[in-house]
Amino acid sequence: MRTADNRVDTILSLYGSSLAGRYPAGEVRAIVRAVFHHQLGWDTAQLELRRDAHLSESELLRVYDPLQRLRAGEPLQYVLGLVHFHGLDLKVGPGVLIPRPETEEMVDRIIHQGMVPKVITDIGTGSGCIALALKRAFPQAQVHGIDVSTEALAIARRNAERNGLEAEWHHADVLDAAFTIPPGTDLIVSNPPYVPRGEKTEMSEHVHAHEPDLALFVDDDDPLRFHRVIGVLAYQALPPAGQLWFEGHKRHAHAVGDLLHGLGFAEVNVMDDLGGLPRFIHAVRP
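Here the structure is a predicted model, which means the values were calculated and not measured. (Residues numbered from 1 in each chain as written. Predicted model: local features only at pLDDT ≥ 70, side-chain atom pairs only at ≥ 80, totals over all residues. Heavy atoms only, no water.)

K.L.:
Sorry, what's going on with the overall build of the protein here?
P.N.:
In terms of regular secondary structure, the protein is built from 12 helices and 11 strands. A compact globule built from 286 residues should have a C-alpha radius of gyration of about 19 Å, and the protein, at 21 Å, falls within 12% of that. Seen along its three principal axes, the alpha-carbon backbone of the protein occupies a region of about 65 × 40 × 30 Å. The burial tally for the protein puts 49% of its 286 residues in the buried class. Here the contacts in the protein between residues at least 6 apart in sequence split such that 64% fall between residues at least 24 apart. Here the protein contributes 27 positive and 38 negative side-chain charges, whose respective centroids are spaced 4 Å apart. (Helix = DSSP H or I, 4+ residues; strand = E, 2+ residues; numbered from the N terminus. Rg over C-alpha atoms; globule rule 2.2 N^0.38 Å. Buried < 20%, exposed > 50% of the residue type's maximum accessible area, 1.4 Å probe, protein only. Contact = heavy atoms within 4.5 Å. Lys, Arg positive; Asp, Glu negative; His and termini not counted. Charge placed at Lys NZ, Arg CZ, Asp CG, Glu CD.)

This is the structure we're talking about:
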């Protein structure tokens, strides 16, 4: 490791010059704050007050090592191995999709829309972010998290233990003809793969080069494949007044709504996210 000296300000300058080609200046500053907070426990005020301070060799290594991975394009969340999601601290790694603010927003909408579910099933659970956030909000509910990836389920289990929450985890493929929804489910939630594979080159490199294709992409010729299969299963499994919530692609969210209307769901609503893009689909079993 070569730096001019071990002053904090020198490291901040190094982050700025090293990451300038990948991130806007404001995002680089946010990344630096996150690294110093996670690695050294410093908050933003401490970081500013200590700009002229000298780091010990061990402290220097702890804030310099993440830079090497960030330079290579690895997402910050994987570098730090942690994401804050709806009041939870969740471990993440290359085997799971990084939870997005839009997904957090969907969880918020579910919690505040008035239903008190008894059995919740999260299909494509990944890190367990949706399942565990809903378990925290509805502690009396039985929660099931389902994923085709054993690596994802291992991370979800660790996140449940880390946050002191109980859920049942199932290794299963929703596209398998033998797949069934757990009995008694009255709330089904899913953030399935919905990005058409042809849009891969439009995405940031640190997303498509590092996050799992399995959790992101769907074939261009059938972008609603997962929504359709889950919609059919949900209509068969949910009791009257049972609810289905989807996250979907901004270009296909209204098509998912039309699909659910065609399956017989009532009160189908397509809702915009905070960015003003159609993102969430909510349907009620008549």
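From this point, the narrative continues.
K.L.:
Explain the pairing of strand β5 (residues 168-171) to me, please; I cannot follow it from the model alone.
P.N.:
Two faces make up the sheet, and in a regular strand the side chains alternate between them. Where strand β4 (residues 142-147) meets β5, 4 bridges bridge the pair, whose relative direction is parallel. Bridge pairing in β5 links Ile146 to His170. (Pairing = 2+ DSSP bridges.)

K.L.:
Just to check I follow, could you spell out helix α6 (residues 101-112) for this structure?
P.N.:
Each α-helix winds once per 3.6 residues, and so residues spaced three or four apart point in a common direction. Relative to the 16 Å expected for 12 residues at 1.5 Å per residue, α6 spans 17 Å between its end C-alpha atoms, a close match to the ideal helical length. By the burial criterion, the buried members of α6 are Thr103, Glu105, Met106, Val107 and Ile110. Immediately downstream of α6, the backbone of Gly114 shows phi near 105°, a positive value. (Expected span 1.5 Å × (residues − 1).)

K.L.:
Would you mind going over the sheet that holds β5 with me for this structure?
P.N.:
What holds strands together in a sheet is hydrogen bonding between their backbones, with the strands either parallel or antiparallel. Spatially, the 7 strands line up as an open sheet ordered β5-β4-β3-β6-β9-β11-β10, and their pairing is mixed. Each end of this open sheet is capped by a strand with a single partner; those strands are β5 and β10 (266-272). Adjacent strand axes in the sheet meet at a mean angle of 15°, parallel and antiparallel pairs treated alike. Lying over the sheet, α6 contacts β6 (187-190), β9 (243-247), β10 and β11 (278-284), oriented at roughly 165° with respect to β9. The strands touched by helix α11 (residues 225-237) within the sheet are β3 (119-123), β6 and β9, with β9 carrying the most contacts at an inclination of about 170°. (Axes fitted to C-alpha atoms, helices over the stretch in contact; angles between N-to-C directions.)

K.L.:
Quick question: what am I supposed to make of the packing of helix α1 (residues 8-19) against helix α4 (residues 57-71) here?
P.N.:
In a pair of packed helices, the angle between the axes and the distance between the axes together describe the arrangement. Their axes nearest at 10 Å, the elements α1 and α4 cross at an angle of 5°. One way to sum up the angle between α1 and α4 is to call them roughly parallel. Here Ile11, Leu14, Tyr15, Ser18 and Leu19 of α1 lie close against α4, whose contacting residues are Leu60, Val63, Tyr64, Pro66, Leu67, Leu70 and Arg71. Across the contact of α1 with α4, the residue classes tally to 10 nonpolar, 1 polar and 1 charged. (Parallel < 35°, antiparallel > 145°, perpendicular 65-115°, else oblique. Nonpolar A, V, L, I, M, F, W, Y, C, P; charged D, E, K, R; others polar.)

K.L.:
Quick question: what am I supposed to make of the environment of Asp5 here?
P.N.:
Relative to the helices and strands, Asp5 is located in the segment before α1. You can call Asp5 partly exposed: its relative accessible area is 26%. The sequence separation of Asp5 and Leu55 amounts to 50 residues, and the corresponding C-alpha distance is 9.2 Å. Of note is the side chain of Asp5, whose polar atom sits 2.9 Å from the backbone nitrogen of Arg7. (Polar contact = N/O pair within 3.5 Å; in protein donor to acceptor, adjacent residues only side chain to side chain.)

K.L.:
Any chance you could explain the packing of aromatic side chains here in plain terms?
P.N.:
The full count for this structure, using the stated rule, is 2 aromatic pairs. Summarising the aromatic geometry, the rings of Phe36 and Trp42 are spaced 5.5 Å apart at their centres and angled 45° between planes, so their arrangement reads as tilted. The same class applies to Phe36 as to Trp42, namely buried. With 5.2 Å between their ring centres and 80° between their planes, Tyr235 and Phe265 make a pair best called edge-to-face. (Phe/Tyr/Trp six-rings, centres within 6.5 Å; stacked < 30°, edge-to-face > 60°.)

K.L.:
I tried to follow the pattern of salt bridges on my own but got confused; where do I start?
P.N.:
Considering all chains together, one arrives at 9 salt bridges under this definition. Residue Arg7 pairs with Asp52 through a salt bridge whose shortest N-O separation is 2.9 Å. Highlighted residues: Arg7 in the segment before α1 and Asp52 in the loop between α3 (44-49) and α4, separated in sequence by 45 residues. Given the relative accessible area of 22%, Arg7 is considered partly exposed. Its relative accessible area of 57% is what places Asp52 among the exposed residues. For Arg197, the salt bridge is made with Asp219, and the minimal N-O distance between the two is 3.9 Å. Here Arg197, found in the loop between β7 (195-196) and α9 (205-208), pairs with Asp219, found in the loop between β8 (217-218) and α11; they are 22 residues apart in sequence, far enough to count as distant. Assessed through its relative accessible area of 37%, Arg197 is described here as partly exposed. (Salt bridge = Lys/Arg side-chain N within 4 Å of Asp/Glu carboxyl O.)

K.L.:
Please clarify how α1 should be interpreted in this entry.
P.N.:
End to end, α1 covers 17 Å across 12 residues, agreeing with the expected 16 Å (1.5 Å per residue, within 8%). The complete set of buried residues in α1 reads Val8, Thr10, Ile11, Leu12, Leu14, Tyr15 and Leu19. The secondary structure elements touched by the buried residues of α1 are α2 (25-40), α3 and α4.

K.L.:
Mind showing me how you'd approach the pairing of β11 here?
P.N.:
Most of β11 is tucked away, with 7 of its 7 residues classed as buried. Relative to β11, β9 runs antiparallel, the two being bridged by 5 bridges. In the strand pairing of β11, Leu244 is matched with Ala283. The hairpin turn running from β10 into β11, its antiparallel successor, is 5 residues long, and Gly276 in that turn takes a positive phi close to 80°.

In short, shape yes, function no, at least from these values alone.
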